[in-house]
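This is what each chain is made of:
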Amino acid sequence: MLFKKLVTAALLLSGVAAHAFSPQAGTWVVNAELDGKPGRGLAIDVQNDVFVMQMYAYEASGEPTFYLASGKITSEQVAVPLVRYVGGRYLGSGAQSGRESGSVGTVRFRFTSGATGFVTLPGESEKAISRFNFGYPFAAQSLVGLWSMLSLGSEGLSADAVQLSTNIGPSSTGNGLVVTSDGLFGCEHQTSGSSAGTVLCVRINAQGQLVRSYNFVYVANDGEGYSLRSGSSTQQTMSVRRHTSPQGVGTGLVFKEETPAFEHSALRAHLNAIASSETPAR
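Quantities reported herein were computed from a predicted structural model and do not represent experimental measurements.

### Here we look at the side chain of Glu224
Mapped onto the elements of the fold, Glu224 is located in strand β16 (residues 222–229). No salt bridge is formed by the buried Glu224, whose closest oppositely charged neighbour, Arg131, lies at an N-O distance of 9.3 Å.

In structure tokens:
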């Protein structure tokens, strides 16, 4: 199901104006090797234009080992030496430093979305890779939490922030519509129809009229897709970010549940002064 969703994401974005992107930071896997058994994995991170990848793999003898690759990523592609390390500290050992044991060849990456791409390892053919989703099932409960949605395109920049809280039951094409407390915004994993494998969201106004729709795929706390304003045929490229888990735990660095409001002593004084001296508006 994960691979299907990631392929759908690439198809979603193919019809939207292209924007540069960085691959999501996290654990990545070779799709063909994802069989539930111990195997190879990639830890990828990009900061600015600096790409870093750590790979855990095995020697021909079966002994585990790891590699490191780093360099500049340009146009969603990077080709850098894959360096092997030996002699480092082991569990229970005293202080000792690992050392480079030379490059085993060049590793090449080309990314097709924030969560999909291809890797060519030394001595191997190109293989599809994707960010590994191990914490959020394709189920209604996984949509509960605080989300932000940022859209960019010919209509300019638009943003939405919503707290999805209540599952009101499935629609005819999904597995559970999760809505905000006011019932004006809802999202659902689509299980059938043209959007199957993605998340579809809609915002309506108090009169029940459609304001904007959102269609995206997410892995863990990040997603991408497009949004569409009601009455428009122009899709806006969209990025999605989860800020709390379904349990209310913050997924970032700054969110803390039930943070008390801060009151500066001068704020109330200025408000009172203005209120007592100004003539009320008529």
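### With respect to the sheet that holds strand β2 (residues 41–47)
As summarised here, the arrangement of the eight strands in space is β1-β2-β3-β4-β5-β6-β7-β8, forming a closed barrel in which the pairing is antiparallel. Taking each pair of neighbouring strands and ignoring which way they run, the sheet shows an average axis angle of 30 degrees. In terms of strand pairing, strand β7 (residues 116–120) meets strand β8 (residues 127–131) through four bridges, oriented antiparallel. Residue pairing in the sheet places Gly117 in a bridge with Ile129 of β8.

### Examining unusual backbone geometry
Here the phi dihedral of Asn48 falls at roughly 60 degrees; this positive angle occurs in a residue that is not glycine. With respect to the helices, strands and loops of the structure, Asn48 is situated in the loop between β2 and β3 (50–58). Judged by relative accessible area, which is 73%, Asn48 ranks as exposed. Residues other than glycine seldom take positive phi values, yet Ser75 does so here, at roughly 50 degrees. Topologically, Ser75 is positioned in the loop between β4 (64–72) and β5 (77–86).

### Topic: the sheet that holds strand β15 (residues 210–219)
Reading across the sheet, the nine strands line up as β10-β9-β17-β16-β15-β14-β13-β12-β11 and stay open at both edges, with antiparallel pairing between neighbours. Every other strand in the sheet has two partners, leaving β10 (156–164) and β11 (166–167) as the edge strands with one partner each. Note that β11 and strand β12 (residues 178–179) share two bridges and pair antiparallel. Residue pairing across strands places Thr166 opposite Val179, the latter belonging to β12.

Reading the values: the criteria
- Residues numbered from 1 in each chain as written.
- Predicted model: local features only at pLDDT ≥ 70, side-chain atom pairs only at ≥ 80, totals over all residues.
- Heavy atoms only, no water.
- Helix = DSSP H or I, 4+ residues; strand = E, 2+ residues; numbered from the N terminus.
- Buried < 20%, exposed > 50% of the residue type's maximum accessible area, 1.4 Å probe, protein only.
- Lys, Arg positive; Asp, Glu negative; His and termini not counted.
- Salt bridge = Lys/Arg side-chain N within 4 Å of Asp/Glu carboxyl O.
- Pairing = 2+ DSSP bridges.
- Axes fitted to C-alpha atoms, helices over the stretch in contact; angles between N-to-C directions.

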